[in-house]
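Reading the structure
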Amino acid sequence: MRKSFAFLIALCCIFFSSCTQISDNTADYIRMNNWKNTFKNGTTVHLEFQENDFAKLSFSSNDKQANNIINGLCIIDKKTMMISDEITKDNYLFNYKVTGDKLKLKNNNGTITLKIVEKTQD
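For the structure given in this document, a descriptive report is provided here. (Residues numbered from 1 in each chain as written. Predicted model: local features only at pLDDT ≥ 70, side-chain atom pairs only at ≥ 80, totals over all residues. Heavy atoms only, no water.)

**Overview of unusual backbone geometry**
Positive phi is not limited to glycine here, since Asn-52 has a value of about 60 degrees. Topologically, Asn-52 is positioned in the loop between β2 (44-49) and β3 (54-60). By relative accessible area, Asn-52 is classed as exposed at 64%. Within the chain, Asp-53 stands out as a residue other than glycine whose phi angle is a positive 60 degrees. Tracing the sequence through the fold places Asp-53 in the loop between β2 and β3. (Helix = DSSP H or I, 4+ residues; strand = E, 2+ residues; numbered from the N terminus. Buried < 20%, exposed > 50% of the residue type's maximum accessible area, 1.4 Å probe, protein only.)

Okay, structure coming up:
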């Protein structure tokens, strides 16, 4: 886990030290949108991006009694997304795939598919 985190930090340093303008890419597309889905069992998953590369991934049950929020620095490369929770200091790593208006997140616990709910304006 530490090696993955160090690799992602190094990748970000290289990415942000570039002198040329960065073109639109999948990571930017993900960050520019909010993503959400409500599943058959009533669980709602919502992913939103904030300033300074922060993301908030929230899970809530239909009755609102079960809630979990991962909130912190988000690093996205070509295939993976990592959210480093500010409170717990845990790192959550997801493989992702974007197809149109759908974002599929996969980790050891399973796969969830989210849909665009709101596009940000430039």
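**Digging into a positive patch on the surface**
Among the surface-exposed residues, Lys-97, Lys-102, Lys-104, Lys-106 and Lys-115 lie close enough to one another that they form a single positively charged patch. For the positive patch, the element with the highest residue contribution is strand β7 (residues 102-107), accounting for 3 residues. Position of Lys-97 relative to the elements: it lies in strand β6 (residues 91-99). Take Lys-97: its relative accessible area is 55%, and that puts it in the exposed class. (Patch = residues over 30% accessible without salt bridge, like charges linked within 9 Å, V, L, I, M, F, W, Y side chains within 5 Å. Areas by Shrake-Rupley, 256 points an atom, 1.4 Å probe, with all protein chains shown as cover. Salt bridge = Lys/Arg side-chain N within 4 Å of Asp/Glu carboxyl O. Lys, Arg positive; Asp, Glu negative; His and termini not counted. Charge placed at Lys NZ, Arg CZ, Asp CG, Glu CD.)

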